[in-house]
Amino acid sequence: MPDLGKYAVTVLSAYGAAITLIVALVVWTLWRGARMRRLLREAEARRARNG
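Heads up: these notes are all about the structure in this document.

Conventions and cut-offs
Counting from 1, residues in each chain are numbered in the order their sequence is written. Restriction of local features to residues with pLDDT of at least 70 applies here, the model being predicted, together with a cutoff of 80 or more for giving and counting side-chain atom pairs; totals for whole chains, interfaces and linings are based on all residues. Water and hydrogen atoms play no part in the side-chain values, which are based on all heavy atoms of the structure. Think of it this way: any DSSP run of H or I at least four residues long counts as a helix, any run of E at least two long counts as a strand, and we number them from the N terminus. Atoms counted for the radius of gyration: C-alpha only. Globule rule: 2.2 Å times the number of residues to the power 0.38. Type-normalised accessible area, obtained with a 1.4 Å probe on protein chains alone, sets the label of each residue: buried when under 20%, exposed when over 50%, and partly exposed for intermediate values. What sets the accessible areas is the Shrake-Rupley method with a 1.4 Å probe; for residues, cover comes only from the shown protein chains. Only residues whose relative accessible area exceeds 30% and that form no salt bridge are eligible for patches; like-charged ones are grouped when within 9 Å, while nonpolar side chains (Val, Leu, Ile, Met, Phe, Trp, Tyr) are grouped when within 5 Å. Salt-bridge detection follows one rule: a side-chain nitrogen of Lys or Arg within 4 Å of a carboxyl oxygen of Asp or Glu.

With respect to the overall build of the protein chain
Piece 1. Within the protein chain, the regular secondary structure consists of one helix and zero strands.
Piece 2. Here the C-alpha radius of gyration of the protein chain, 21 Å, is well above what a compact globule of 51 residues would show, namely 10 Å.
Piece 3. Seen through its principal axes, the protein chain has C-alpha atoms that stretch 70 × 15 × 10 Å.
Piece 4. Taking all 51 residues of the protein chain together, 0% fall into the buried category.
Piece 5. Per element, the accessible surface of the protein chain, about 4900 Å² overall, is 66% carbon and sulfur.

Structure follows, in structure tokens:
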């Protein structure tokens, strides 16, 4: 790891925030994708019953 001197806290905080946001976006995307798949299956099942 390079010597960051007096900027170590700022730089490491920025890395931490960026990693946290990326992880949150990935989790949110996976959760939303699963939700959309479930809603699509339900809509297709309703269409099959009514159509």
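Some thoughts on a nonpolar patch on the surface
Piece 1. Together, Leu12, Tyr15, Ile19, Val23 and Val27 line one region of the surface with nonpolar side chains, adding up to about 500 Å² of accessible area.
Piece 2. Tracing the chain through its elements places Tyr15 in helix H1 (residues 8–50).

Here's the deal with the pattern of salt bridges
Piece 1. As enumerated under the stated definition, the model contains one salt bridge in all.
Piece 2. The salt bridge involving Arg38 is made with Glu42; its shortest N-O contact spans 3.4 Å. Highlighted residues: Arg38 and Glu42, both in helix H1, separated by four residues, approximately one helical turn.
Piece 3. Given a relative accessible area of 35%, Glu42 falls into the partly exposed group.

A look at the environment of Ile19
Piece 1. Tracing the backbone through its elements, the reader meets Ile19 in helix H1.
Piece 2. The exposure class assigned to Ile19 is exposed, which follows from its relative accessible area of 53%.
Piece 3. The spacing of Ile19 and Arg47 is 28 residues in sequence and 42 Å in space, taken between C-alpha atoms.

Here we look at the environment of Leu25
Piece 1. Its place among the elements puts Leu25 in helix H1.
Piece 2. Under the relative-accessibility criterion, Leu25 is labelled exposed at 53%.
Piece 3. Distance in space between the C-alpha atoms of Leu25 and Glu44 is 28 Å, their sequence separation being 19 residues.

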